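# A look at the structure
Given next are the chains, with one letter for each unit.
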Amino acid sequence: MSRSARPRLVVERWTHPVAAEILDANEIELIPLDLTVGAESNWAAMESAQGYQAATRTDLSRAADGRQFLANAELVARCGQLLAICSAGAGYDVIDVEACTRAGIVVCNNSGPGAEAVAEHALGFMLDLAKKITLADRVLRRGDLGDRTALRGSQLSGKTVGVIGMGAIGRRLIELCVPFGMEVLVFDPYVDAESVRTHGGAPVSLAELLERADFVQVTCPLTDETRGLIGPSEFAAMKSSAFFITTARGQVHDERALYDALADGRIAGAGLDVFHEEPPRADNPLLRLDNVVATPHTAGITVEAVRAIAVATARQWKTIFEGGVPPRLLNPEVWPRYRERFAETFGFHPMTWDHLSTIAD
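In short, a report on the structure.

### Focus: helix H13 (residues 335–346)
The first and last C-alpha atoms of H13 sit 16 Å apart over twelve residues, in line with the 16 Å expected at 1.5 Å per residue. Buried within H13 we find Trp335, Tyr338, Arg339, Arg341, Phe342, Ala343 and Phe346. Considering only its buried residues, H13 is in contact with helix H4 (97–103), strand E5 (106–108) and helix H12 (303–321). Of the residues one or two after H13, glycine 347 is the one with positive phi, at around 85°.

Structure representation (structure tokens):
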């Protein structure tokens, strides 16, 4: 690699230490941040870095100044040397993509490596809720079993699942549902109808999905368009026998509206891996409901997934600093300006615009 300076990469955390092993310390300077201390002590590192590996806020929200380092317009303006920001997983809601694009900064996520883990978790929620596994466990532990037929569940076979968002996770979830003999409905305005059918789903509107689905599965990213996507009217449109499941981001749905629908029996139950505040507090009303199964944003945390994500993350950073096109680039329109900024820093230009056509979907 020919360049005039060694890249500096600020890292909040890796999902697995293998990432640091892959990134050669002689070629890339790795600078860890300690977000349990005051933000000012970390600004010097941030302001001198060309790369920023941002973590999700789930593990950092209770840190002293953990929220100070959201990759927002303020951070972008203050950190003039930044060339690239990457999120730890598929979600990138901690990054202001528009602000980065205006500043000539590439933004990447790490969708794909954790898709299997999250899709399996979503399927697990479906089985748990349908078969009332967690509810039966709670009843047994409380010692108030009574008539066990009251715990009568249902089967997935022949049911309809509605998938909101057909990215890598949504596609894999469809594949997992098909062997159960389930009908799969898909709402994703950014995926063409033929692609949906190719993957085994039927393209429908959000209204039709909510009306027909026995399981409403949210797997879309959090964006300005999806924030608050599922609110009071959407829960009201669901079947009373339907289950709401989300492994996306808490802000995609209205938590109060969900609680009301569950408490009033207007929907049958919910499987929640994400909340508005993470981790959720013990007094969160949703956690008091027996028809809710909840996990603390752990859908993508498996032994296999955390290592695969770390490997993909490290390789993407190597590609970036070697002047290649990162495989999970979210703002390709930034490329012309980014190339010039990169060349000013390192003395050589990254790949040309023509190479962007090779980026995988």
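On we go.
### Section: helix H7 (residues 168–177)
For H7, the complete set of buried residues consists of Ile169, Gly170, Leu173, Ile174, Leu176 and Cys177. The arc that holds the buried residues of H7, viewed along the axis, is 160°, so those residues lie on one side. In this structure, the buried residues of H7 make contact with helix H5 (115–131), strand E6 (160–164), strand E7 (183–187) and strand E9 (215–218).

### Concerning the sheet that holds strand E8 (residues 202–203)
Taken together, seven strands build an open sheet; the order of strands is E8-E7-E6-E9-E10-E11-E12 and the sheet is parallel. With partners counted over all chains shown, the strands left at the sheet margins are E8 and strand E12 (292–294), one partner each. By the bridge criterion, two bridges tie E7 to E8 in an arrangement that is parallel. In the strand pairing of E8, leucine 185 is matched with alanine 202.

### Points about the pairing of E7
Within E7, four of the five residues are buried, which leaves the element mostly enclosed by the surrounding structure. Looking at chain direction, E6 and E7 are connected through five bridges and run parallel. Residue threonine 160 lies in a different strand from E7, and its bridge partner there is glutamate 183. Tracing the backbone out of E6, into H7 and back to the parallel element E7 gives a crossover that is right-handed. Considered for its hand, the β-α-β crossover made up of E7, helix H8 (residues 193–198) and E8 is right-handed.

### Comments concerning the sheet that holds strand E2 (residues 29–32)
In space, the five strands of this open sheet follow the order E2-E1-E3-E4-E5, with parallel pairing throughout. Edge positions in the sheet fall to E2 and E5, since each has one partner strand and no second. Along the sheet, successive strands turn relative to each other by an average axial angle of 20°, direction set aside. Pairing analysis gives three bridges linking strand E1 (residues 8–11) to strand E3 (residues 51–54), with the strands arranged parallel.

### A look at the packing of H5 against H7
Closest axis-to-axis distance for the H5/H7 pair is 8 Å, and the angle between their directions is 50°. Relative to H7, the element H5 is oriented oblique. In this structure, H5 crosses over H7, and the sense of that crossing is right-handed. Where H5 abuts H7, its residues Ala115, Glu116, Val118, Ala119, Glu120, Ala122, Leu123 and Met126 lie against Ala168, Ile169, Arg172, Leu173, Leu176 and Cys177. Residue composition of the contact of H5 with H7, grouped by class: eleven nonpolar, no polar and three charged.

### What about the state of the cysteines?
In total, this model carries zero disulfides according to the counting rule given. Not engaged in a disulfide, the cysteine cysteine 108 finds its nearest cysteine sulfur in cysteine 86; these two sulfurs lie 4.1 Å apart. Under the relative-accessibility criterion, cysteine 108 is labelled buried at 0%. Just so you know, cysteine 177 is unpaired, no disulfide at all, and the nearest cysteine sulfur is the one on cysteine 220, 16 Å from it.

### Here we look at the pairing of strand E11 (residues 269–272)
In E11, alternate side chains face the same way, and those of Gly269 and Gly271 on one face and Ala270 and Leu272 on the other are all buried. In this sheet, E11 lies alongside strand E10 (residues 243–246) in parallel orientation, the contact comprising four bridges. Looking across to E11, one finds that threonine 246 is bridged to leucine 272. Pairing analysis gives three bridges linking E11 to E12, with the strands arranged parallel. Note on E12: the bridge partner recorded for leucine 272 is alanine 294.

Each value, and the rule that gives it
Residues numbered from 1 in each chain as written. Predicted model: local features only at pLDDT ≥ 70, side-chain atom pairs only at ≥ 80, totals over all residues. Heavy atoms only, no water. Helix = DSSP H or I, 4+ residues; strand = E, 2+ residues; numbered from the N terminus. Expected span 1.5 Å × (residues − 1). Buried < 20%, exposed > 50% of the residue type's maximum accessible area, 1.4 Å probe, protein only. Contact = heavy atoms within 4.5 Å. Arc of directions from axis to C-beta. Pairing = 2+ DSSP bridges. Right-handed = clockwise from strand over helix to strand, strands pointing away. Axes fitted to C-alpha atoms, helices over the stretch in contact; angles between N-to-C directions. Parallel < 35°, antiparallel > 145°, perpendicular 65-115°, else oblique. Left-handed = near helix turned anticlockwise from the far one by under 90°. Nonpolar A, V, L, I, M, F, W, Y, C, P; charged D, E, K, R; others polar. Disulfide = S-S within 2.5 Å.

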